[in-house]
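Here is how the chains run, residue by residue.
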Amino acid sequence: MLPRAFENVRTTLECFNKAPPEPVVRQPFDRSLVLNFQEPQDSYKVQLKHEVRYVTTMSYGGHANQFISIYNLMFVGKILNRVVIIPTLIPLHFDADPVDMSLFFDIERFIDESAIPAIMLSDLKYLNMTHPPPQERISCWSVHERVTPGGGNGNDGSMRYHSIDVDYWAMPQMRMGVEGGSIWFNELTSFDSNRRAREDWIETVKKELIPQDREASRVASKEHNLKYGFDPRHSPVPDDQLLCFDTTLFIGSHPMPDAYPGVIPNEPRRSYEGDGWIHAGQFLHFTPEVETLADYYLTELFNVSSVAEVPPLITVHIRRSDFADAGRGYQTIAAYKDGVKRIRHKLQDRMDHPGMWRGPGSEKESFPAGFLADDYAVVVTTDEASDSPFVADLKALGWMVLDHDAMQTIEYLGEWYPTILDQAILARGKGFLGTEWSTYSYLAGLRVRYWSGGVEDWTPSG
């Protein structure tokens, strides 16, 4: 069951005097093709349809990393010809219940535009915080153990909330993506298609008790030196029908250079612009309800009666609090001013030289008549407290700072909505300034580029 706050989004829109959006007419994905029952069951296993192949993963990290993991999973589903089972989103930096991704992102639109079939984990086995379903187990291949010094992904809340315990299995050596610290997507194609090699590896893991804990290598017994969560002699072997990875965050790309330069050069591909985003993530748009709420927040921020009166935007994401704890430090107001100045310069150059670039979103590039880049308003989202001197300094520049305390976002909509609405509003910019090393910023920059042909720049995090 979803929290009451989320069930009342449409009522909340009506309270704000905003009519709920008219639903977009789409041919819905026929879930009876991939599920035995239309309603979630006590066991995920009884929902698996004969001769249908599935792939899933577990949530990992904060919301941005969970989102990246999911669109990587979706690309894995695409290249392996498997139905994607989307893990439940779990809260990390706030206190809330877990929720389905479909609450915020238009999954029907995603399936329609990407041709990747996808369902929620809660379509298989119900999510109920008060009366949890019966306990069962799943065996997952551990990408996390393969690419990090630690063991399996211990952040398994997305399974745990459905009363599913995870048994981890070590993966064989694999080639890495160019991002570093990530398995190359194509390696999973070989891994999935070569059943004999996979069965041989399983026997090797059982015999040699892999993975061993290097930090405890002096322990005499291999059985007592296994990494935490691994027990290959007593755990069920991973299922071929439902392929499970403990995380897909650490799966990456090996992009090839352009075949030829072309008359108009291509915009260079970013290091964080992997195949998962290109083939899946860019098609994950917000639901009409979220977009309508973003419209309302912008009209309130600019004190206008309709979103059509909101000026064109440069959006800025400033991440500070936990970055200081991680040793990245803080940037000065002057650094953000310089970043916005660079964004304005890039935007004006695009306006003055239309059609002189090629890249993601170039076919969607357009600029409202009557505005120079210097006329674009600046909207900021930040994790700084709304009453802090830092936010006061931002407002003194004439920048608009989104204030969820003043809007009572949590009181009206629930704890998930500040981060979701921040994302939806950041995506409205024609230019975007982000905080370097923040995956949240990277996602906002990708949306601005791919969805509207906008420009991006970065302010170092410290």
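Residues numbered from 1 in each chain as written. Predicted model: local features only at pLDDT ≥ 70, side-chain atom pairs only at ≥ 80, totals over all residues. Heavy atoms only, no water.

### Concerning the overall build of the protein
Piece 1. In terms of helices and strands, the protein carries 18 helices and 13 strands.
Piece 2. The C-alpha atoms of the protein give a radius of gyration of 23 Å, which matches the 23 Å a tight globule of 462 residues would have.
Piece 3. Seen through its C-alpha atoms, the protein measures out along the principal axes to roughly 70 × 50 × 45 Å.
Piece 4. When each of the 462 residues of the protein is scored for burial, the buried share is 55%.
Piece 5. Sequence-distant contacts in the protein: of pairs separated by 6 or more residues, those separated by 24 or more amount to 75%.
Piece 6. Each charge class in the protein can be summarised by its mean position, and for the 44 positive and 64 negative side chains these summaries are 6 Å apart. (Helix = DSSP H or I, 4+ residues; strand = E, 2+ residues; numbered from the N terminus. Rg over C-alpha atoms; globule rule 2.2 N^0.38 Å. Buried < 20%, exposed > 50% of the residue type's maximum accessible area, 1.4 Å probe, protein only. Contact = heavy atoms within 4.5 Å. Lys, Arg positive; Asp, Glu negative; His and termini not counted. Charge placed at Lys NZ, Arg CZ, Asp CG, Glu CD.)

### Here we look at the packing of aromatic side chains
Piece 1. Under the definition given, this model contains 20 aromatic pairs.
Piece 2. Ring geometry for Phe67 and Tyr71: centres 5.6 Å apart, planes at 85°, overall edge-to-face. You can see Phe67 and its partner Tyr71 sitting in helix α3 (residues 63-80), 4 residues apart, about one turn around the helix. The same class applies to Phe67 and to Tyr71, which are both buried.
Piece 3. Among the aromatic residues, ring-to-ring pairing joins Phe67, Tyr71, Phe105, Trp277, Phe286, Tyr450 and Trp451 into one connected group.
Piece 4. Seen from the ring of Phe67, Arg447 lies directly overhead, with NZ or CZ sitting 5.0 Å from the centre. (Phe/Tyr/Trp six-rings, centres within 6.5 Å; stacked < 30°, edge-to-face > 60°. Lys NZ or Arg CZ within 6 Å of the ring centre and 35° of its normal.)

### Digging into helix α4 (residues 107-114)
Since the α-helix advances by 3.6 residues per turn, residues separated by three or four positions end up pointing in the same direction.
Piece 1. Among all positions in α4, only Ile107, Phe110, Ile111 and Ser114 are buried. For α4, the angular spread of the buried residues around the axis is 95°, confining them to a single face.
Piece 2. Those residues of α4 that are buried are in contact with α3, β2 (83-86), β3 (118-120) and α10 (275-279).
Piece 3. Taking the backbone nitrogen of Glu108 as reference, a side-chain oxygen 3.5 Å away marks Asp106 as the first, capping residue of α4.
Piece 4. Note on α4: the residue one or two positions beyond its end, Ala115, has a positive phi of about 60°. (Arc of directions from axis to C-beta. Polar contact = N/O pair within 3.5 Å; in protein donor to acceptor, adjacent residues only side chain to side chain.)

### Quick word on the nonpolar core
Piece 1. Grouped together as the largest cluster of nonpolar side chains are 109 residues, with contacts concentrated most on Met101 and Phe104.
Piece 2. Of the residues forming this core, the biggest block, 10 residues, is contributed by α3.
Piece 3. The residues touching Met101, leaving out its near neighbours within four places in the chain, are Phe67, Ile70, Ile86, Leu89, Ile107, Met120 and Leu284.
Piece 4. Core analysis: the next-biggest nonpolar cluster, separate from the first, contains 20 residues, Val316, Ala373, Val380 and Val455 among them. (Core = buried A, V, L, I, M, F, W, Y, C linked by side-chain atoms within 4.5 Å.)

### Regarding the side chain of Asp422
Piece 1. When you line up the elements, Asp422 lands in helix α17 (residues 417-426).
Piece 2. With no salt bridge to any partner, buried Asp422 finds its closest opposite charge in Arg447, at an N-O distance of 11 Å.
Piece 3. Separated by 2.7 Å, the side chains of Asp422 and His404 make a polar contact.
Piece 4. Setting aside its immediate chain neighbours within four residues, Asp422 contacts Thr381, Leu402, His404 and Tyr440. (Salt bridge = Lys/Arg side-chain N within 4 Å of Asp/Glu carboxyl O.)

### Side note on the side chain of Thr419
Piece 1. Structurally, Thr419 is set in helix α17.
Piece 2. Among all residues touching Thr419, those that are not within four sequence positions of it are Phe94 and Tyr440.

### What to know about the packing of α3 against helix α8 (residues 185-193)
Piece 1. Taken N-terminus to C-terminus, the directions of α3 and α8 make an angle of 50°; their axes are 10 Å apart at the nearest point. Comparing the axis directions of α3 and α8 gives the class oblique. Considering only the axes of α3 and α8, their crossing is right-handed. Along its contact with α3, which presents Asn72, Phe75, Val76, Ile79 and Leu80, the element α8 presents Phe185, Leu188, Thr189 and Asp192.
Piece 2. Residue composition of the contact of α3 with α8, grouped by class: 6 nonpolar, 2 polar and 1 charged. (Axes fitted to C-alpha atoms, helices over the stretch in contact; angles between N-to-C directions. Parallel < 35°, antiparallel > 145°, perpendicular 65-115°, else oblique. Left-handed = near helix turned anticlockwise from the far one by under 90°. Nonpolar A, V, L, I, M, F, W, Y, C, P; charged D, E, K, R; others polar.)

### What about the pattern of salt bridges?
Piece 1. Applying the stated criterion to the full structure yields 26 salt bridges.
Piece 2. Glu203 serves as the salt-bridge partner of Lys206, at 3.9 Å between the closest nitrogen and oxygen. One end of the pair is Lys206 and the other is Glu203, both in helix α9 (residues 195-208) and 3 residues apart, which spans about a single turn.
Piece 3. For Lys206, a relative accessible area of 28% translates into the label partly exposed.
Piece 4. Residue Glu203 is classed as partly exposed on the basis of its relative accessible area, which comes to 48%.

### A few points about the sheet that holds strand β11 (residues 400-401)
Piece 1. Taken together, the 5 strands give an open sheet; going across it, the order is β11-β10-β9-β12-β13, and neighbouring strands pair in parallel fashion. At either margin of the open sheet sits one strand with a lone partner, and together these are β11 and β13 (455-459).
Piece 2. Across 6 bridges, strand β9 (residues 313-318) lies against strand β10 (residues 377-382) in parallel orientation. Bridge pairing in β10 links Val316 to Val380.
Piece 3. Here α17 sits on the sheet and contacts β9, β10 and β12 (431-435); the angle it forms with β9, its principal contact strand, is near 140°. (Pairing = 2+ DSSP bridges.)

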